[in-house]
Every structure is written in structure tokens, then in C-alpha cells.
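Here's the letter readout for the chains.
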Amino acid sequence: MSGALDIGLSGIRAAQYALDVTGHNIANASTPGFNKLLVEFKDQPFPPIGGVTASSRPSSSAFNQNQALTNISTGAYYDKMATETKPVTDMLSNDTFLNAIRDFANSIQDLADNPTSMVARETVVAKANTMGDSFNTIGNFLQQAKQNISQASNLVQQEITTQMQVLKDFNEHPSSNTSQVNQALYKLAELTGVRYSVNSNGTYDIQTFSGGQTKALQDMQSLLNQVDGKVKTAFDQFQNTFNQVHAQGVDLNGNQAQVFFTNGKVSVTPDQIGAADISALGVANSQNNVNALKLAPDSTLRNSLANIVTDLAGSLNNSSMLGKTYSDAGNKFIADNGVNLDEEAVNLVKFRQMYEANAQVIKTQDEMFQTLINIRA
Amino acid sequence: MRLSTLTLHTNAQNRIADLQARMNDVLNPPNLSSTDPVAWDTKYRSSDSVAQLSQFARNASSAHDRLLTTQTALNSVFKTLTDLKTQLMASPPDLTTAKNAKDTLLAIANTKDSQGVPMFSGSMSTTPFDQNGNYSGNSQELNIQISENLQVPASISGQRAFVDTGVFSALDSVINDISTTGLVSTPSLQALTDAITKSGNVQTEAVLRVDQISSQNTLNTNLKELYTTQATKFDPDPVEQITTYNMLQTQYEALLKSYAVTFKSPTLFDYIS
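Residues numbered from 1 in each chain as written. Chains lettered and ligands numbered in written order. Predicted model: local features only at pLDDT ≥ 70, side-chain atom pairs only at ≥ 80, totals over all residues. Heavy atoms only, no water.

**Q** Break down the overall build of chain A for me, citing the residues and quoting the values.
**A** If you tally the helices and strands in chain A, you get 9 helices and 6 strands. Scaling as 2.2 N^0.38, a compact globule of 377 residues should have a C-alpha radius of gyration of about 21 Å, whereas chain A reaches 38 Å, well beyond that. Seen through its principal axes, chain A has C-alpha atoms that stretch 145 × 35 × 25 Å. Taken over 377 residues, chain A has a buried fraction of 45%. Sequence separation of 24 or more characterises 68% of the internal contacts of chain A that already satisfy a separation of 6 or more. Of the side-chain charges in chain A, 25 are positive and 34 negative, and the distance between the mean point of each set is 4 Å. (Helix = DSSP H or I, 4+ residues; strand = E, 2+ residues; numbered from the N terminus. Rg over C-alpha atoms; globule rule 2.2 N^0.38 Å. Buried < 20%, exposed > 50% of the residue type's maximum accessible area, 1.4 Å probe, protein only. Contact = heavy atoms within 4.5 Å. Lys, Arg positive; Asp, Glu negative; His and termini not counted. Charge placed at Lys NZ, Arg CZ, Asp CG, Glu CD.)

In C-alpha cells, the structure reads:
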């Protein structure tokens, strides 16, 4: 007779436990890093005992969570790459900068059109200096960007140390309260590659490896060096070629022309621009424009820069797309394992009904006992 | 897909922020290189070509004007020589007329352009002809770039216009003949005729150069229009911007209402008790 009472009692206990778990989940709906608990019911062998026991486990396994950490880390890598690449791309594709190169090319054409015009010559010098300044600005910008990346790397390292301390503190006093650990792991995954395993005593073994923002900042540093090198090479080649052609010319005073650019700055006066060719040597104010026509820059420099921008922009778009894909995958895991209040509301109803049904079993059993007692009475 | 309540709230915030960012992008379009590198590349290279073609157009215009002035001067040379020959053929040769013709031609040969540079001095900036018609310029001509691979001579040197044509030597023969014999000898008349013919040829050459520049300029203009269309293809269209903005604004309001309904309406908890 007492079997049904015990079975009902086990159901009530299990329902009570399930309601406790649901309450715990609801209470932690906004707790960062909290993985909801799932109730697991297990039937007791019947006969002889029957009934049910309830237990709970986190909704995610270490394996799944490690997968999510990899996605978060990869997403953070690409997101950081995109964030850091964008200002460089915007700077290099700036109209002011590119127009400076065009304006210089056009000023040389104007000089060829009117080789003795001092206005045309002064314009060439002004436009050449503007162009040189633009390249210096780009150089300074890239230098500053590299310094910023170094500073950002230091901050990231500090943050990694902070999060590792959280995990170390946890390992000193391991508990089942893992939301703080999860939060630290998610944060750590954004900063660097990370995977973990849980020991039997509840402590976490943490392994970090290259990835996340740390790797992005390292790669960005290397990318900036490449861009800086390409820009410098493009301008140096342009300068050298221009200087070589210029030095073959003859200036307005009939003298052999000198080097035009020195470190991006014009090193001649307007009258010293070698617009004429060697046939005008010794002839002042020559209308000869043969060398000016040779000096007129072709589109090599502009195309080199356009190619650098296009490569950067392609990489930026790729990073943005991949960053979103991997971050979405990481966030999906967090979304799947977080608390959904509607789901918990359904659980509340479900477990309350379970509780009431089991109470009904006990009540029925009680009534049956009463029936027997009444017969005796 | 199952979503945690925390994610639902986060998504709501993200979508609202995303729409706000898109509305801002419509009003202040971001740099094309970041958003659409292929479009940026097309726009950049096209506008680069437009800038280059504009420069060629300016060069061509300058060369055109210079050659037109040269052609006008050469026409005057041709007319002066022709008038002189007509006068020599029609009536007894007049020394003053011949000398006046030489002075006129010397003045033309030493004409300066609007920049104050002699038109017929080659690449020299000094006055090319002296009183006797001796040439101190050179035979260089000013080449101008009018397309990526085409340079055209935009001037005609005094060597070619006056020395090679034998204008002054023919005139000197005529003047010498009239001074000494009162008549013009057949060789002198022939030299004058040759000078007229050669001068006409040089003038024709100037006309041909003007035509060549005009033709190239037409090609450049057509090409420039094509590149301009390409370069401006990706520029924001104000009408489209306003339409898109209105659409996004409607979407934004709908999204706010949707979330207001989602988060303010009764939850399942309201139906449990």
C-alpha cells in the first residue's frame, strides 16, 4: 500500500527539484555567462521501488563550449582586423591625397604647355610639395597606427592577465557556480585563443594559444608594415625615376638641372626646374619643353596606390564578413544556452502540474487509507 | 532557433542600433573603399582618367589656340606675298611696295603671343629675326601632349615658316633686282613664287594640325563622358537617398513598435496564475 505513497512522494520531490531548477534559471536570466540548467528525470526500477528521481546538468558540455570559444575567438580576430583595417583604407583612399598626385601630374603638363611661365613653374613646386606632404602624412599616419596597435596589444595583454586571474581565483575555490568562469572564458576567447577542460575536482585547465584580438593585432602590425613598405616603395620609385629624368634636363637659366625631390620635398627653385632637354644647355628662357613632357608622370604611382587600397579594402570586406559569421556562431551558442523566460514559464506550468498530479496520487492513496480506517471504525 | 531572453534583448538593441547606423550611412555615406572596394576602384580609376582627359583637353585647347594664331599669321604671310606678286606682275615694280612687304613680313615673323613669347623663334625666347631677315632662333617646335600616347607640335618654328620657305631671301632678291635694274628678274619671281607655294604648304600643315587636335579633342571628350558616367555611377543620388531614408525611418518605427509589443505585452507568466 505504501508503494504508491512513496512513488507519489518521489514525484513531488522531483517536481519540487525541477521547480527549484527552473527558479534558479529564471533568477539568472540576466546573469552574464550563465548556462541554464536542464532537469533530468530518471525512473526508478519498478517493481520493487518505482517513482522518479531528478537531477540537473548544465545545458552545454565542455566540448560544445570549446567549439563556441573557438568561434568567438575567430570572430573576434576578424572583427578586430576589420576595425583596424578600416581607418587605414579610408586614409589611403582619401580624395585629398589622391588628388594631390593628380594635381602634380597636371601641373607638369601645364608647364610643358608653357615652359617659361613662372606661374606654371611655381605651381609645379607647390603641387610637388603638397604631394610630398601627403606621402609624409600617410607615413606619419601609418607610424601612429602602428604605435596605437602596440598600445592596444599591451591593453589586451593586461586584460588577458585579469581574466586569467579570475580563472585562477576560481581554481583555488572551485564550485558549481560557473557563470563567472564562463564569462571569463568568453572574454578570454575574444582576446586570444583558449580551450579548457574540467578536472575531477572541479578546477579548470586553461590553455591559451594564438588567436582572437591578440593575433589580429600582431597580424595588423605586420599588415601595416607591409602597407607602409609598399607606399614608401611606390613613392621612392616615383621620386627616383622623376629625379633621374629631371637631372637630364636644363633649367630656365640654361643650366643642367639638379635633383628635384629630396625626401619628398622639392629641392629646386621654380626657375631650376629642368623643363628643357640638353639641347637648351646654355640657353636662358628656352621654350624647349622636351624634358617636361618626359617628366609628366604616368599613372604608375596612382595605380600602385589604388592597388594597395583595393587589396586592403578586399581584405577588410573579407574580415567583416568572416567576423560576422564566426561571431554569430559563437553568439548562437550563448543564445542557445542562456535562459529563455518563456521556456522557463512553460517549465513552471509543467512542473507545477507534475507536482499537483503527484500530490493527487498521495491524496488518492490517503483516501484509500481513510476508506480502510473507516471500515475498521 | 531558440533564443535566450538575454539574447532577445541584446538582439533588439543591436537591430535598433543597426538601423540607426544605416540611417546615418544614408545621410553621410561612408567611404566607398570600405564598403564596396570594386566600386571604389572603378570610381577612382574613372575619375583619374577624367582628370587626365581634362588636362589633355586644356593642353589641346592651348595648342589649338596657339596654332590658330600661327595659322592666321601664316595666312597673312601668304597674302602679303601673293599681293606683292600680283602687284609685281600687274604694274611696274615698286621698290617701296617690296620694302613695305618685307617690313610687314618681318613684323609678322617677330610676332609675340599673348604670353609675350615670340611665335616663330623655335624654342628661343629672343626676337628671332633681325632687320635683314636673319634668323637667330632654332628649328625646335613645342610639342604638346593631347592624349596618353599622342604628342603634337603646337608651334611652327621660324626656320620652317620663313627660312626654309625662302620668304626673306626671295624678297631680298626682288628688292635687289628692283633697286639695281628697276625690274624683277625671272629667277627672283620664281623664288617668290616658290616662297608663296612653300608658305602655303606650311599654312596647310598648321591647318592640318589644328584639325588633328580638334579630332583628338572630340575623341577625348567622348571618352571623358564615358568615364564621368562611370565615376559618378556610385555617387549617392539625392532622390534615392531621401527614399531610402524614409523607408528606413518607417522600418525603424515599425521595429520600435514591434519590440514595444514584444517586451511590454504580457508574457507567458501572465497566463500562468
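**Q** Can you explain the overall build of chain B? Please cite residues and give values.
**A** A tally of regular secondary structure across chain B gives 9 helices and 2 strands. Seen in sequence order, chain B has helices and strands lined up from the N terminus as α-α-α-α-β-β-α-α-α-α-α. Taking 19 Å as the expected radius of gyration for a compact globule of 273 residues, we find that chain B reaches 37 Å, considerably beyond that expectation. Once the C-alpha set of chain B is aligned to its principal axes, its extents read approximately 140 × 30 × 25 Å.

**Q** Please set out helix H4 (residues 95-109) of chain B residue by residue, giving values where relevant.
**A** Residues and elements named next belong to chain B. In this model, H4 (15 residues) spans 21 Å end to end at C-alpha, consistent with the 21 Å of a helix rising 1.5 Å per residue. By the burial criterion, the buried members of H4 are Ala 98, Ala 101, Lys 102, Leu 105, Leu 106, Ile 108 and Ala 109. Taken end-on, H4 shows its buried residues confined to a sector of 160°, consistent with a single buried face. Tucked inside the fold, the buried residues of H4 contact helix H3 (37-90), helix H5 (158-163) and helix H6 (167-181). (Expected span 1.5 Å × (residues − 1). Arc of directions from axis to C-beta.)

**Q** A description of the pairing of strand S4 (residues 204-209) of chain A should follow, citing residues and the corresponding values.
**A** Residue and element names in this part refer to chain A. Bridge analysis of strand S3 (residues 193-198) against S4 gives 6 bridges, and the strand direction is antiparallel. Looking at the pairing, Val 198 lines up with Tyr 204 of S4. Where S3 folds back on S4, the antiparallel hairpin that results is connected by 5 residues, among which Gly 202 adopts a positive phi of roughly 90°. (Pairing = 2+ DSSP bridges.)

**Q** Give me the lowdown on the nonpolar core, citing residues and values where you can.
**A** Counting 72 residues, the largest nonpolar core has Leu 92, Phe 104 and Phe 260 of chain A as its most contacted members. With 15 residues, helix H4 (residues 118-172) of chain A is the largest single contributor of residues to this core. Once residues within four sequence positions are removed from consideration, Leu 92 of chain A is found in contact with Phe 97, Leu 98, Ile 138, Val 227, Val 231, Ile 308, Val 309 and Leu 312 of chain A. By size, the runner-up hydrophobic cluster in this structure holds 31 residues, among which are Ala 73, Ala 101, Ile 108 and Ala 161 of chain B. (Core = buried A, V, L, I, M, F, W, Y, C linked by side-chain atoms within 4.5 Å.)

**Q** Which residues make up the packing of aromatic side chains, and what values do they have?
**A** All names here are of chain A. Enumeration according to the criterion identifies 24 aromatic pairs over all chains in this entry. For the ring pair Phe 97 and Phe 135, a centre distance of 5.2 Å and an interplane angle of 70° mean the geometry is edge-to-face. Of this pair, Phe 97 sits in helix H3 (residues 95-113) while Phe 135 sits in helix H4, and the two are 38 residues apart along the sequence. On the basis of relative accessible area, Phe 135 is assigned to the buried category, the value being 6%. Put simply, the rings of Phe 97, Phe 104, Phe 135, Phe 235, Phe 238, Phe 242, Phe 260 and Phe 261 pair up and form one aromatic cluster. (Phe/Tyr/Trp six-rings, centres within 6.5 Å; stacked < 30°, edge-to-face > 60°.)

**Q** If you had to explain unusual backbone geometry to someone new, which residues and values would you point to?
**A** Residue and element names in this part refer to chain A. Following Phe 46, the chain continues into Pro 47 via a peptide bond in cis, with omega recorded as -20°. Here the bond from Pro 47 into Pro 48 is cis, since omega is 15°, no more than 30 degrees from zero. Mapping Pro 48 onto the fold places it in the loop between strand S1 (37-43) and strand S2 (52-58). With a phi close to 50°, Asn 263 is a non-glycine residue in the positive phi region. Considering the arrangement of structural elements, one finds Asn 263 in the loop between strand S5 (261-262) and strand S6 (265-266). You will see that Asn 285, though not glycine, has its phi angle at about 55°, which is positive. Note that Asn 285 resides in the loop between S6 and helix H7 (290-295). On the accessibility criterion, Asn 285 (39% relative accessible area) is partly exposed.

**Q** Please set out the environment of Asp 172 of chain B residue by residue, giving values where relevant.
**A** Residue and element names in this part refer to chain B. For Asp 172, the location among the structural elements is in helix H6. On the basis of relative accessibility, which here comes to 31%, the residue Asp 172 falls in the partly exposed class. Expressed as a C-alpha distance, the spacing of Asp 172 and Ser 157, which sit 15 residues apart in the sequence, is 21 Å. Among residues more than four places away in sequence, those in contact with Asp 172 are Lys 102 and Asn 132.

**Q** Which residues make up the side chain of Thr 214 of chain A, and what values go with them?
**A** Residues and elements named next belong to chain A. Note that Thr 214 resides in helix H6 (residues 212-247). One polar contact links the side chain of Thr 214 to the main-chain carbonyl oxygen of Leu 191, over a distance of 2.5 Å. Non-local contacts of Thr 214, meaning those with residues more than four positions away in its chain, are made with Val 156, Gln 157, Ile 160, Leu 191 and Thr 192. (Polar contact = N/O pair within 3.5 Å; in protein donor to acceptor, adjacent residues only side chain to side chain.)

**Q** How would you summarise the confidence of the model for chain B if you had to cite specific residues and measurements?
**A** All names here are of chain B. Looking at chain B, the pLDDT average stands at 88 and 95% of residues meet or exceed 70. Per-element averaging of pLDDT across chain B places helix H9 (residues 268-272) at the bottom with 65 and H5 at the top with 94. We note a pTM of 0.79 for the whole complex and an ipTM of 0.77 for its interfaces. (pLDDT = per-residue confidence, 0-100.)

**Q** If you had to explain the pattern of salt bridges to someone new, which residues and values would you point to?
**A** Residues and elements named next belong to chain B. A full pass over the atoms with the stated rule returns 24 salt bridges over all chains. Of the charged contacts, one joins Asp 235 and Lys 43 as a salt bridge, the two residues approaching to 2.5 Å between their closest N and O atoms. Of the two residues, Asp 235 sits in the loop between helix H7 (186-232) and helix H8 (238-264) while Lys 43 sits in helix H3, which places them 192 residues apart along the sequence. We classify Asp 235 as partly exposed; its relative accessible area is 33%. Assessed through its relative accessible area of 23%, Lys 43 is described here as partly exposed. (Salt bridge = Lys/Arg side-chain N within 4 Å of Asp/Glu carboxyl O.)

**Q** How would you sum up the interface of chain A and chain B? Please name residues and give values.
**A** Each partner contributes residues to the interface: chain A has 55 residues there, and chain B has 43 residues. Together, the buried faces of chain A and chain B total about 4,000 Å²; carbon and sulfur atoms form 49% of this surface. At the boundary of chain A and chain B, one finds 3 salt bridges. Of the charged contacts, one joins Arg 66 of chain B and Asp 113 of chain A as a salt bridge, the two residues approaching to 3.6 Å between their closest N and O atoms. For the side of chain A that touches chain B, the elements supplying multiple residues, two or more each, are helix H2 (62-92), H3, helix H8 (300-337) and helix H9 (341-376) of chain A. Ranked by residues supplied to the side of chain A that touches chain B, first place goes to H8 of chain A with 15 residues. For the side of chain A that touches chain B, the class distribution of residues is 19 nonpolar, 23 polar and 13 charged. (Buried area = accessible area lost by both parts, 1.4 Å probe. Nonpolar A, V, L, I, M, F, W, Y, C, P; charged D, E, K, R; others polar.)

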